[in-house]
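Listed below are the residues making up each chain.
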Amino acid sequence: MPNNQKKCLKHAIMGLSLATLFCGSSVVLAACPDYAKSGKRYEFSAEDAYSAKTYTIEAGGNLDLSQCAKMPGEGWVTEAPDFTFKLTANPNNRAIEFKVTSKCDSVLLINTPTSKWQFDDDSNGALDPKIRIAAATTGYYDIWIGNVEKGYCDATLKVETF
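Heads up: these notes are all about the structure in this document. (Residues numbered from 1 in each chain as written. Predicted model: local features only at pLDDT ≥ 70, side-chain atom pairs only at ≥ 80, totals over all residues. Heavy atoms only, no water.)

1. So, the nonpolar core
Counting 25 residues, the largest nonpolar core has Phe 85, Phe 98, Tyr 141, Ile 143, Ile 145 and Leu 157 as the members making the most contacts within it. For this core, the secondary-structure elements that each account for two or more residues are strand 2 (53–61), strand 5 (83–87), strand 6 (96–102), strand 7 (106–111), strand 9 (130–133), strand 10 (139–147) and strand 11 (151–161). At 4 residues, strand 11 tops the list of elements feeding residues into this core. Leu 157 has contacts with Lys 53, Thr 54, Tyr 55, Phe 83, Phe 85, Phe 98, Lys 99, Val 100, Ile 143 and Ile 145, leaving out every residue within four places of it along the chain. Core analysis: the second largest hydrophobic core is formed by 7 residues, Leu 63, Cys 68, Val 77 and Trp 144 among them. (Core = buried A, V, L, I, M, F, W, Y, C linked by side-chain atoms within 4.5 Å. Buried < 20%, exposed > 50% of the residue type's maximum accessible area, 1.4 Å probe, protein only. Helix = DSSP H or I, 4+ residues; strand = E, 2+ residues; numbered from the N terminus. Contact = heavy atoms within 4.5 Å.)

What follows is the structure, encoded as structure tokens:
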């Protein structure tokens, strides 16, 4: 077997996307946000987040959401979440809100503890996103902060319960 075929076989065993990259197959697989990966991890209860928490981030990424089947919204994000928040307790069924302010037209993508995707572009005004989830479920919230355009900009995420 020629060396290039051995390489292709090795990459095919490692994963189809690598085989596509190295072997020139006509099949193109788009990378998409992956909630199985973790972002920067934080843990808090709904009571803890009653006093807003803020986090700085660079909004954007190299993945085009419009190329991901069954993914809400459009914009550019990273494969792994920017943040993975664990809501440990919510005895009063508080709502949780994720609000972004940025220096670009940012987007917000969330995968909730019930594996539902939520997306927003401009609900926070001034081209910034906001998502509020009523009676927030305890568990992991994976958060992506992206950019409508390809590129990056400075952003701040504010997390608060009500």
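Okay, back to it.
2. Concerning the side chain of Thr 84
Here Thr 84 shows up in strand 5. Classification of Thr 84 as buried rests on a relative accessible area of 3%. In terms of polar contacts, Thr 84 uses its side chain to reach the side chain of Asp 142, at 2.8 Å. Other than its neighbours up to four places away in sequence, Thr 84 contacts Lys 37, Ser 38, Gly 39, Lys 40, Arg 41, Tyr 42, Tyr 140, Tyr 141 and Asp 142. (Polar contact = N/O pair within 3.5 Å; in protein donor to acceptor, adjacent residues only side chain to side chain.)

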